[in-house]
Amino acid sequence: MSTPTLHVLADGGPGVGAGHLGRCLALAQSWAGAHGRAVLVGAAPPEAWADRYRSAGVAVEPDPDQRPDVLVVDGYRYRDDDVAGRAGGAPVVSIDDHGVGGHAGAALVVDQNLGATAAPYGTPSSEVLAGTRYALLRDEVVRCRPASPADRAAAPHRLGVAMGGDPPPATRQLFDDARAALAAERGLEIVELQGLRDLGPVLADLDLALTAAGSTVWELALFGVPTVAVAVADNQIPVARLAGQAGLVVDAGDAGTTTGDHLAELVRALLADPARRTALAAAGRAAVDGRGASRVATAARSLLVRLRRAVPDDARQLWQWANDDAVRAASFHPEPIPWDDHVAWFQRLLADQRSAQWLAMDGAGTPLGQFRVELDEAGRGTVDVSVDPGRRGQGWAGPLIAAGARQAASELRPQGIRALEASVLLANEPSSRAFLAADFDAGPDGSAGGWEHHTYTRTCDG
């Protein structure tokens, strides 16, 4: 299983819009970018979207012969029996909104909406990734985010307008009326975002936005674009409301109860209020960091990692991994470890109730590496991880860490585990990327034994 396959079942087209297709494309891009294969399955999407998937290296096959390693489902119309049939026993990832269409038996549920919680998905067997931390944004958007935030107190000149994919006539009329009302604003250029393939550079150059309250809200938040958001579908009403309450957008309410003139008034109010523009931009950038697709893809692939506790007979395998040249070079103590020292240390580790080590394998039983946690009295677990030399460069480091973190949080709960912490040498960029993908947060840099290092942490109180 060096190249695991993700099947994507995403609803889209007339009457549905493009939100499901857009966020699943982001997930498929991240999966494929980490040495995986992704396939869009099910009913053929609009050709423009099929072309986008193909351009991203994702195959489009309505009914592939090959069984998936993981199936992701995004759409409210899919029945559980259809999903189970397509999965063929593979783990299912369900992408949902507000508990509307989560699928029973999903191993992983993703709700990227602001204020989302695990409560609507109350199956003990499911892991739930909830909130804008997991916003699924396409790579071509994320890579255009400026390193430094724009000055939103400066006078705005470019207003982006997006009414959502496949908008009904009433929505088109609403936005047309708003555009007409804003046409007289001096120095304000209106930029149409509808259907743009290369959206990232355009978002990076916007000063304001008027948008339907779909996934575009999170794209605009990533860039810190002060935004007026209007709900044009039922599932967008809580997005606009909660994002407005959190200060990420100006909530324009429901499209059925507002007018184009009112939308234009809200935009004009932002034009005249640099302090509010600045606050909206800061809140947006804080809520969405662009790593959501990587986190979700890593969590999905971690479902393929099998872990078992280390036993005495594993001593030689672990010693060989520990003495691998690359592992020693990335260590704070790079000198080789003598066999007798390793055996004595390993025996102490196995006897310590506050420490645990797991060996990781893929679904075929082929070793992937090891994950170790040593817990202090405050409940902080120090992490050590290494990947089998033969499996490096195959995209398994992040999933191994994510699976190990999940296992440690479960098995070491009686010992009071509260958080995991890893220290990574500054030069070890692959490990840094792997910890960030595995849902760790970057902490302050530090030093130990004369070595400068990054720190990554992940809480375990879920």
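Residues numbered from 1 in each chain as written. Predicted model: local features only at pLDDT ≥ 70, side-chain atom pairs only at ≥ 80, totals over all residues. Heavy atoms only, no water.

**Re the overall build of the protein**
Reasoning step 1: Secondary structure assignment for the protein yields 16 helices and 20 strands.
Reasoning step 2: Relative to its length of 462 residues, the protein is compact, with a C-alpha radius of gyration of 24 Å against a globular reference of 23 Å.
Reasoning step 3: Here the protein holds 462 residues, and the buried ones make up 50% of them.
Reasoning step 4: Sequence-distant contacts, at least 24 apart, represent 64% of the contacts inside the protein between residues at least 6 apart.
Reasoning step 5: Once the 42 positive and 57 negative side-chain charges of the protein are each reduced to a mean point, those two points are 1 Å apart. (Helix = DSSP H or I, 4+ residues; strand = E, 2+ residues; numbered from the N terminus. Rg over C-alpha atoms; globule rule 2.2 N^0.38 Å. Buried < 20%, exposed > 50% of the residue type's maximum accessible area, 1.4 Å probe, protein only. Contact = heavy atoms within 4.5 Å. Lys, Arg positive; Asp, Glu negative; His and termini not counted. Charge placed at Lys NZ, Arg CZ, Asp CG, Glu CD.)

**A few points about the sheet that holds strand 12 (residues 250–254)**
Reasoning step 1: With parallel pairing, the five strands of this open sheet are ordered in space as 9-8-10-11-12. Strands at the two margins of the open sheet, each flanked by one partner only, are strand 9 (189–192) and strand 12. If you compare each strand with its neighbour and ignore which way they point, the axes differ by 15 degrees on average. (Pairing = 2+ DSSP bridges. Axes fitted to C-alpha atoms, helices over the stretch in contact; angles between N-to-C directions.)

**Some words on the packing of aromatic side chains**
Reasoning step 1: What the rule picks out here adds up to five aromatic pairs.
Reasoning step 2: Between the NZ or CZ atom of arginine 301 and the centre of the ring of tryptophan 396, over which it lies, the distance is 4.1 Å. (Phe/Tyr/Trp six-rings, centres within 6.5 Å; stacked < 30°, edge-to-face > 60°. Lys NZ or Arg CZ within 6 Å of the ring centre and 35° of its normal.)

**Details of the environment of valine 8**
Reasoning step 1: Along the chain, the position of valine 8 falls in strand 1 (residues 5–10).
Reasoning step 2: On the basis of relative accessible area, valine 8 is assigned to the buried category, the value being 0%.
Reasoning step 3: With 186 residues separating them in the primary sequence, valine 8 and glutamine 194 have C-alpha atoms 24 Å apart.
Reasoning step 4: Other than its neighbours up to four places away in sequence, valine 8 contacts Cys24, Ala28, Val39, Leu40, Val41, Tyr53 and Val72.

**Concerning the pairing of strand 16 (residues 380–387)**
Reasoning step 1: Across seven bridges, strand 15 (residues 367–375) lies against strand 16 in antiparallel orientation. For leucine 375, the partnering residue across the bridge sits in strand 16 and is glycine 381.
Reasoning step 2: Where strand 15 folds back onto strand 16 in an antiparallel hairpin, the turn is made up of four residues, including glycine 379, whose phi is positive at roughly 85 degrees.
Reasoning step 3: One ladder, built from three bridges, connects strand 16 with strand 17 (residues 419–425); its direction is parallel. Bridging across to strand 17, threonine 382 finds its partner in glutamate 421.
Reasoning step 4: Between the parallel elements strand 16 and strand 17, the chain passes through helix 15 (residues 397–411) in a crossover that is right-handed. (Right-handed = clockwise from strand over helix to strand, strands pointing away.)

**A word on the sheet that holds strand 6 (residues 108–111)**
Reasoning step 1: Strand order in the open sheet formed by seven strands is 3-2-1-4-5-6-7, with parallel pairing between adjacent strands. Each edge of the sheet is formed by a strand with only one pairing partner; in this case those strands are strand 3 (59–60) and strand 7 (127–130).
Reasoning step 2: Of the strands in this sheet, strand 1, strand 2 (37–41), strand 4 (70–74) and strand 5 (92–95) touch helix 1 (residues 19–33), which is tilted by about 175 degrees from strand 1.
Reasoning step 3: Of the strands in this sheet, strand 4, strand 5, strand 6 and strand 7 are in contact with helix 11 (residues 292–302), which crosses strand 6 at around 170 degrees.

**Considerations on the pattern of salt bridges**
When their charged atoms lie close together, side chains carrying opposite charge are able to pair.
Reasoning step 1: Inspection of the entire model under this criterion finds 32 salt bridges.
Reasoning step 2: Between glutamate 219 and arginine 138 there is a salt bridge, with the nearest N and O atoms lying 3.5 Å from each other. With glutamate 219 in helix 7 (residues 216–222) and arginine 138 in the loop between strand 7 and helix 4 (139–142), this pair connects stretches of sequence that are 81 residues apart.
Reasoning step 3: Classification of arginine 138 as buried rests on a relative accessible area of 7%.
Reasoning step 4: Across the pair aspartate 439 and arginine 295 runs a salt bridge whose closest N-O atoms are separated by 3.5 Å. Highlighted residues: aspartate 439 in the loop between helix 16 (429–437) and strand 18 (441–442) and arginine 295 in helix 11, separated in sequence by 144 residues. (Salt bridge = Lys/Arg side-chain N within 4 Å of Asp/Glu carboxyl O.)

**Observations regarding the pairing of strand 10 (residues 208–212)**
Reasoning step 1: Along strand 10, five of the five residues are buried, which leaves the element largely enclosed by surrounding structure.
Reasoning step 2: By the alternation rule, side chains of strand 10 split into Leu208, Leu210 and Ala212 and Ala209 and Thr211, which are all buried.
Reasoning step 3: Pairing of strand 8 (residues 158–162) with strand 10 involves four bridges; the strand directions are parallel. Its bridge partner being in strand 10, leucine 159 is matched across the sheet by leucine 208.

**Details of unusual backbone geometry**
Reasoning step 1: Of note in this structure, histidine 35 is not a glycine but carries a positive phi near 65 degrees.
Reasoning step 2: Inspection of the secondary structure assignment puts histidine 35 in the loop between helix 1 and strand 2.
Reasoning step 3: In this structure, aspartate 439 takes a positive phi of about 75 degrees despite not being glycine.

**Describing helix 10 (residues 274–287)**
Helical periodicity: at 3.6 residues per turn, an α-helix aligns residues three or four positions apart in one direction.
Reasoning step 1: Here helix 10 is 14 residues long and its end C-alpha atoms lie 20 Å apart, about the 20 Å a rise of 1.5 Å per residue gives.
Reasoning step 2: Every buried residue of helix 10 is listed here: Arg277, Leu280, Ala281, Ala283, Gly284, Arg285 and Ala287. (Expected span 1.5 Å × (residues − 1).)

**A closer look at the packing of helix 12 (residues 315–322) against helix 14 (residues 339–351)**
Each packed pair of helices is defined by two parameters, the angle between the axes and the distance between the axes.
Reasoning step 1: Where helix 12 contacts helix 14, the axes come no closer than 10 Å and their chain directions differ by 120 degrees. Here helix 12 lies oblique to helix 14, going by the angle between them. The element helix 12 and its partner helix 14 pack so that their crossing is right-handed. On helix 14, the residues touching Ala315, Arg316, Leu318 and Trp319 of helix 12 are Trp339, His342 and Phe346.
Reasoning step 2: Considering only residue class, the contact of helix 12 with helix 14 consists of five nonpolar, one polar and one charged. (Parallel < 35°, antiparallel > 145°, perpendicular 65-115°, else oblique. Left-handed = near helix turned anticlockwise from the far one by under 90°. Nonpolar A, V, L, I, M, F, W, Y, C, P; charged D, E, K, R; others polar.)

**Thoughts on the packing of helix 1 against helix 11**
Reasoning step 1: Close contact between helix 1 and helix 11 brings their axes to 8 Å; oriented N to C, the two are set at 65 degrees. For the pair helix 1 and helix 11, the sense of crossing is right-handed. On the side of helix 1, the interface is formed by Ala26, Leu27, Ser30 and Trp31, while helix 11 contributes Ala293, Ser294, Val296, Ala297, Ala300 and Arg301.

**Side note on the environment of proline 14**
Reasoning step 1: For proline 14, the position within the fold is in the loop between strand 1 and helix 1.
Reasoning step 2: With 154 residues separating them in the primary sequence, proline 14 and proline 168 have C-alpha atoms 9.3 Å apart.

So far we have only geometry, and geometry alone does not tell us how the molecule works.
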